[in-house]
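As a plain string of letters, each chain reads:
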Amino acid sequence: MGYQVIDTPFSFMSRHIIILLLPIVILAVFYNSLNGTWAMDDAYISNFLSAPHLLSLKADFRKVSYLSFYLNSLYLPQEAFYYRLVNLFFHSLNSILVYIFAFLAFVRFKTIKKPVLASFIVALIFALHPINNTSVVYIIQRMTLLSAFFVLLSIIFYIKAEEEKRPFYSISLKILSLLMILFGVFAKENALVAIPLIILYITFFSDSNILKSKGQLFIIIGITMVLIITFYLLNLSNTLVALIRTFLHPFEPIRQEGWTAIDVYWTPAQHFLTETRVLMDYLLSIFMPLPQLFVFDSWGYPISESLLKPISTLFSSIIFVILLFVAIKYRKYYPLLSFAILWFFLAISLESFIAVGSDLYFEHRNYIPLIGLLIGLIGHISSNEKVANRAIFVLIPFIVLLIFTTIKRNEVFHDSISLWNDTIQKAPYNLRAKIALGNAYFKNFQVDKAIQSYDGVLAHERINKSPTFMLDALYLKGMGSIYLGRFDKTQEILETMERLPYKSIKGILLRSAKDLAIDNPLSAEQALIQIKKDLRGINLLVGLIILGDAYRASGKKDKAIETYRTVLEIDALNASAYYGIAKTYLSFGQKENALAYLMKCLQIEPQNVFAFTDLSDIFLISGDYDKAFMYAEKALTLKTPFYKPALAMANVLLIKGHDIDAEKWYQEAINLDSPKYLIPFSKARVYLISKNEKKANFFLRQSLTQGDIPVVIKNKIESTLNKGLKG
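Residues numbered from 1 in each chain as written. Predicted model: local features only at pLDDT ≥ 70, side-chain atom pairs only at ≥ 80, totals over all residues. Heavy atoms only, no water.

With respect to the helices, strands and loops of the structure, Asp 472 is situated in helix α20 (residues 467-483). There is a polar contact of 3.3 Å between the side chain of Asp 472 and the side chain of Lys 506. (Helix = DSSP H or I, 4+ residues; strand = E, 2+ residues; numbered from the N terminus. Polar contact = N/O pair within 3.5 Å; in protein donor to acceptor, adjacent residues only side chain to side chain.)

Under the criterion given, the structure shown has 45 aromatic pairs. Measuring from centroid to centroid gives 6.3 Å for Phe 101 and Tyr 201, while their planes differ by 55°, and the two rings are tilted. Here Phe 101, found in helix α4 (residues 80-106), pairs with Tyr 201, found in helix α9 (residues 194-205); they are 100 residues apart in sequence, far enough to count as distant. Judged on exposure class, the residue Phe 101 and its partner Tyr 201 are both buried. Taken together, the ring pairs connect Phe 101, Phe 109, Tyr 201, Phe 204, Phe 205, Phe 339 and Trp 343 into an aromatic cluster. One Lys or Arg, Lys 506, reaches over the ring of Tyr 475 and ends 5.6 Å from the middle of that ring. (Phe/Tyr/Trp six-rings, centres within 6.5 Å; stacked < 30°, edge-to-face > 60°. Buried < 20%, exposed > 50% of the residue type's maximum accessible area, 1.4 Å probe, protein only. Lys NZ or Arg CZ within 6 Å of the ring centre and 35° of its normal.)

Viewed as axis vectors pointing N to C, helix α12 (residues 268-287) and helix α13 (residues 312-329) meet at an angle of 75°, and their least axial separation amounts to 8 Å. Put simply, α12 runs roughly perpendicular to α13. In this structure, α12 uses Leu 273, Thr 276, Arg 277, Leu 279, Met 280 and Leu 283 to contact α13, whose residues at the interface are Ser 312, Thr 313, Ser 316, Ser 317, Ile 319, Phe 320 and Leu 323. Classifying every residue of the contact of α12 with α13 gives seven nonpolar, five polar and one charged. (Axes fitted to C-alpha atoms, helices over the stretch in contact; angles between N-to-C directions. Parallel < 35°, antiparallel > 145°, perpendicular 65-115°, else oblique. Contact = heavy atoms within 4.5 Å. Nonpolar A, V, L, I, M, F, W, Y, C, P; charged D, E, K, R; others polar.)

This part takes up the pattern of salt bridges. All chains considered together, the criterion is met by 23 salt bridges. We note a salt bridge from Arg 486 to Asp 448, for which the minimum N-O separation is 3.0 Å. Placement of the pair is Arg 486 in the loop between α20 and α21 (487-499) and Asp 448 in helix α19 (residues 447-458), with a sequence separation of 38 residues. Across the salt bridge formed by Glu 663 and Lys 683, the nearest N and O atoms sit 2.7 Å from each other. Taken together, the positions of Glu 663 in helix α31 (residues 659-671) and Lys 683 in helix α32 (residues 678-689) put the pair 20 residues apart, joining distant regions of the chain. Exposure remark for Lys 683: the relative accessible area of 10% places this residue in the buried category. (Salt bridge = Lys/Arg side-chain N within 4 Å of Asp/Glu carboxyl O.)

This part is about unusual backbone geometry. For the peptide bond that leads from Lys 309 to Pro 310, omega is 0°, which places it in the cis range. Topologically, Pro 310 is positioned in the loop between α12 and α13. Unusually for a residue other than glycine, Lys 691 sits at a positive phi of about 65°. When you line up the elements, Lys 691 lands in the loop between α32 and α33 (693-704).

These figures capture arrangement, not role.
Right, here's the structure in full:
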């Protein structure tokens, strides 16, 4: 090893102008991801946007990341585009920092003749590699991007501190390095890997002895302080105790803890064995980046029950041990290659091996490990000029493949249905993905397809090991049955849930939703008030929405709006709350307020068919028949199994004098299971709007002859007719 000339801060940019290509290339390759869907945990981002503690000085769990989401939300919070744009910005910054880190490492090796080119290749592969796709496109993984950002800064500050000859500046840079680790921890806890990674860097790249140098002693003391501060501020002592307890029982099933996967059932020993296979899958994806090898979520990754079951566990474990052995044994002969292997395993160890019981497979865990792996490998190749010259013929098609695969992976995020279909195709064992696909269909009002997806979960051979997903699938299937008016099916599901050995508050939510749907809002209201204090997370939001609907149905309009506003304080992007407020204002007759909230609902949920039909009705009443027609048409283009779009179109056509066409749409509404009374009742409303009292009264009387007319509406019609007769 030896030092070459190192750029000063003032000359660095002018001498390394090539790095400005990185953001341009990243934007070009990731551009088709910007308008993609929100995915999985992205839905929880909004839960933190209204939290006042974000602007306080108090240190909290992942506060740096959530503060960035809060700042993002100040401009069009419902648009995923701007969140992803910020993610691309940080990925670009990280790619530049990777270049700087690689260059600072490479100039220490005289054998690397072209450190600028070698560093750029490292940064370019890192920037474009599809294994980083979820870190960039999966919005909530900004936590990974920010964590890596601070880890890279901490390492770079440390390297510059080593180069600095003036004691004051050297110590200042080391303090900055420690502070970056601390900031990184508050972006995501895996930033703690910066500590062993800096030590690894010192071992391979530093000329000083870590045990004898006062400077290295300073960094050890500083690292200790960072660990103490982190554990104190994040209150991680209980987590540490739980981890130690788990490690002490390697052959007992892991207990459910804050960091563990949903329905964890495997042992620590099985976790370690399985992770050797996972790591081989990661490495295969890194070196052979074909589209079919990448998967967004791999919950339910098959467990290694023993070293021989499956047999691939044995081979993976052997490869794992051989790689570690080679890296340690031959570190003096092949330092860069050894550095690559040890960095990868160290950087991934916290999430894959130490957080035992956590989800087994997530591609975004490779974001930091990939950095050192590339630096070591490209550095090793660049050290041999002949090999480096030949490698270019492999490198060019490899980078082309990276671009192709990353663009293909971006396309998967086009919408939630394509994302989860792709996931299930590659991980058919993934029950979480099947439920997510059902939810995506549900959100698009394709309720029959949603129910089919939930049935797929319930029929899976591993469902008995996953009580959470069993309850979720039953509950969601029950909600879908309510949407379709199949209340007998909902009742069957409720009875099934009651027979299960494990209970869930979801059963009460489902029963309350059913009571509300069958015109028993008081029963729903009473049940929800009793359990309100026990509701958390998504259950709290659903419970409050149903409670708000129950208040609205009972005529308690002020309480309804107050309840919906409570939802928005928790989740500022909750479309159902905006819709509920709009419907409440409509019942007040406040059309302008209702209009504003329906528009907000559609900004968040552009395919909300009921918002379109309500808008059509508002403009119908207001006399703007062209806009009423436009919104009815938009509702119809969504092709949902509901009768309301057909009914809205029929009403518009009737008021415009197109009676024959209107009748066709009224018949379509009947075919889509519209209540029979609603057809003459809707016609009566249209004729009342157009001031044709005679026809209105005729159809009101006709609606009274229908056996399915609700008592409340029947009483109102009779009262209206009696007043008309007296007049």
